[in-house]
Amino acid sequence: MRVPAARARRRDDGQVTLEFLGMTPVIVVTLVVLWQLVLVGYTFTLAGNAADEAVRAGTAASPGERQGACRQAGLEKLPGAWEGKADVACATANGYVTADVDLRVPLLFPGTVSFPFDVHGHAGAVEEETD
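Let me sum up the structure you'll find in this document. Predicted, not measured: the structure shown is a model, and the values here were computed from it.

Description of empty space enclosed by the protein
Part 1 of the reasoning: Going through the model one piece at a time under the given rule, you end up with one cavity of 30 Å³ or more.
Part 2 of the reasoning: In this structure, the largest cavity spans a volume of roughly 40 Å³.
Part 3 of the reasoning: Looking at the lining of the largest cavity, the elements that each hand over two or more residues are α4 (80–83) and β2 (96–106).
Part 4 of the reasoning: Per-class residue counts for the lining of the largest cavity are three nonpolar, one polar and two charged.

Set out below in structure tokens:
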């Protein structure tokens, strides 16, 4: 026996709504995971840039002022959410200045809770000579 078209259509009413509601949690979880991956990548970018800025300032400063100039330059360009828990360290050996920056990866919202692991940025440059 064949079901009339109007009756078959009535049986399917709301099917798309139910399927969408069932997929909503999957869509939301996927978006949250993608956002977190964006934050991890952005933190890596910030750490590398901060290390570059720090080593650039460290090579131009005199040896006695190097650590302070290096730290200040490394923290200067960081957004506030990453700056609070940032660790910037500079070292000099054999005419070569290095800067290491460690940043915490925020969990979903920068400035609130962070993951318990750090992202590391490293840069080095030859020390400038003074005449």
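Right, picking up where we left off after that structure.
Considering the pattern of salt bridges
Part 1 of the reasoning: Tallying each qualifying case throughout the model produces three salt bridges.
Part 2 of the reasoning: A salt bridge links E53 to R56; its shortest N-O distance comes to 3.2 Å. One end of the pair is E53 and the other is R56, both in helix α2 (residues 15–60) and three residues apart, which spans about a single turn.
Part 3 of the reasoning: The closest approach of N and O atoms between R104 and D118, which form a salt bridge, is 2.7 Å. Residue R104 is located in strand β2, and its partner D118 is located in strand β3 (residues 114–126); the two are separated by 14 residues in the primary sequence.
Part 4 of the reasoning: Judged by relative accessible area, which is 42%, D118 ranks as partly exposed.

Brief notes about the packing of aromatic side chains
Part 1 of the reasoning: The full count for this structure, using the stated rule, is one aromatic pair.
Part 2 of the reasoning: Ring geometry for Y42 against W82: centres 5.3 Å apart, planes inclined by 80°, an arrangement best described as edge-to-face. Here Y42 is found in helix α2, whereas its partner W82 is found in helix α4, with 40 residues between them in sequence.
Part 3 of the reasoning: Taking relative accessible area as the criterion, Y42 reaches 39% and is therefore assigned partly exposed.
Part 4 of the reasoning: Among the residues examined, W82 registers a relative accessible area of 7% and is labelled buried.

Analysis parameters
Residues numbered from 1 in each chain as written. Predicted model: local features only at pLDDT ≥ 70, side-chain atom pairs only at ≥ 80, totals over all residues. Heavy atoms only, no water. 1 Å grid on protein atoms, 1.4 Å probe; cavity = no way out; pocket = protein on both sides within 12 Å on 5 of 7 lines; lining within 4 Å. Points joined across faces, edges and corners; volume = space filled by probe spheres on them. Helix = DSSP H or I, 4+ residues; strand = E, 2+ residues; numbered from the N terminus. Nonpolar A, V, L, I, M, F, W, Y, C, P; charged D, E, K, R; others polar. Salt bridge = Lys/Arg side-chain N within 4 Å of Asp/Glu carboxyl O. Buried < 20%, exposed > 50% of the residue type's maximum accessible area, 1.4 Å probe, protein only. Phe/Tyr/Trp six-rings, centres within 6.5 Å; stacked < 30°, edge-to-face > 60°.

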